[in-house]
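Structural overview
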Amino acid sequence: MKPLLRKAAAAFTALLLLGLTACSPAPAVSPSPEADAYLLETGMSQETIDSLDDSLKQVIWETAPETPQAFVSIETETSEDCIPFTDTASLPSESFSVSTVVFRGGTYEGDEVYSFYPVFQWQDDRHIDEDVFGFSLAEGWDAVPQERNLSLYEKSGEGWTFCGVLDSAATSSIAGYGFDGFGDFCKGKGVYQGVGYFQAYKSQDSAPNEISVVYGHEDSLGGVHLRRNLRLDTQFVHIQASADGGAKLKDRDIVFQF
């Protein structure tokens, strides 16, 4: 199936699933049978393909460009490097992780394009309506206009149920995006996942192959709620927050090389 047809079909499926959530539980995401075959064609190993969630496979398949892509890298960090906003809160390393999957292929105005899939994933029940997720490339990269979103999922049995997609970033820079407003789709406590997507190209040949990712989890105690936003520069993502009760912001960019 051609990419445009895949995207149209995906949009219809998303609307259908959103409609279903109003009256009955939506089924867990099941990727196209062609998704695994496509990933093999990119050079991704079968072992790596088997390790991917069906939700991530489906997003990659739906957003794949017409020109064949080559698999570049996949990297993961646990919550030891994803610190909550408050000094008093902590997260076990097995509770949370962020990953980035990278492919190369296709062109934009004559430049080779890279496709990026930053992912956050929880392993236990959390409220994430006040959380933020951002990612930015190093200086010398430019994002492809309009090619970005963040799909949100909730754990359903052994799989993931589609909750909704954020097509508009809360903030953006020349080489990155930041998202919030998860509470519009992720209502209440649950086990959640977000699969980001954007494309970019090198405007400078010497630009390093690095992507900076940050996640902010509002896990304050005593009813303290943080007012937070993301600020993006090339290569770095900053979480800014303030709150009563002495809650302080702690954040650290996780840098993946590809």
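For the structure given in this document, a descriptive report is provided here. (Residues numbered from 1 in each chain as written. Predicted model: local features only at pLDDT ≥ 70, side-chain atom pairs only at ≥ 80, totals over all residues. Heavy atoms only, no water.)

Moving on, we come to the nonpolar core. Counting residues in hydrophobic clusters, the biggest one holds 33 residues, and the most contacted among them are F116, F120, W141 and F182. Within the second largest apolar cluster, 22 residues are counted, among which are L52, F103, V119 and V195. (Core = buried A, V, L, I, M, F, W, Y, C linked by side-chain atoms within 4.5 Å. Buried < 20%, exposed > 50% of the residue type's maximum accessible area, 1.4 Å probe, protein only.)

Another point: the packing of aromatic side chains. Pairs of aromatic rings are described using the distance from one ring centre to the other and the angle between the two planes. All told, the structure shown has 24 aromatic pairs when counted by the stated rule. An angle of 50 degrees between the planes, with centres 4.5 Å apart, marks the rings of F96 and W122 as tilted. Taken together, the positions of F96 in strand β2 (residues 96-108) and W122 in strand β3 (residues 111-122) put the pair 26 residues apart, joining distant regions of the chain. Classification of W122 by relative accessible area gives buried; the value is 0%. (Phe/Tyr/Trp six-rings, centres within 6.5 Å; stacked < 30°, edge-to-face > 60°. Helix = DSSP H or I, 4+ residues; strand = E, 2+ residues; numbered from the N terminus.)

Here we take up the sheet that holds strand β8 (residues 176-179). Across the sheet, five strands lie side by side as β7-β8-β4-β10-β13; this open sheet has antiparallel pairing. The sheet terminates laterally at β7 (171-173) and β13 (254-257), the two strands that pair on one side only. Neighbour-to-neighbour, the strand axes of this sheet turn through a mean angle of 15 degrees, independent of strand direction. Two elements, β7 and β8, share three bridges in a ladder whose sense is antiparallel. Following the sheet pairing, T171 is matched in β8 by G178. (Pairing = 2+ DSSP bridges. Axes fitted to C-alpha atoms, helices over the stretch in contact; angles between N-to-C directions.)

Structural measurements only, silent on function.
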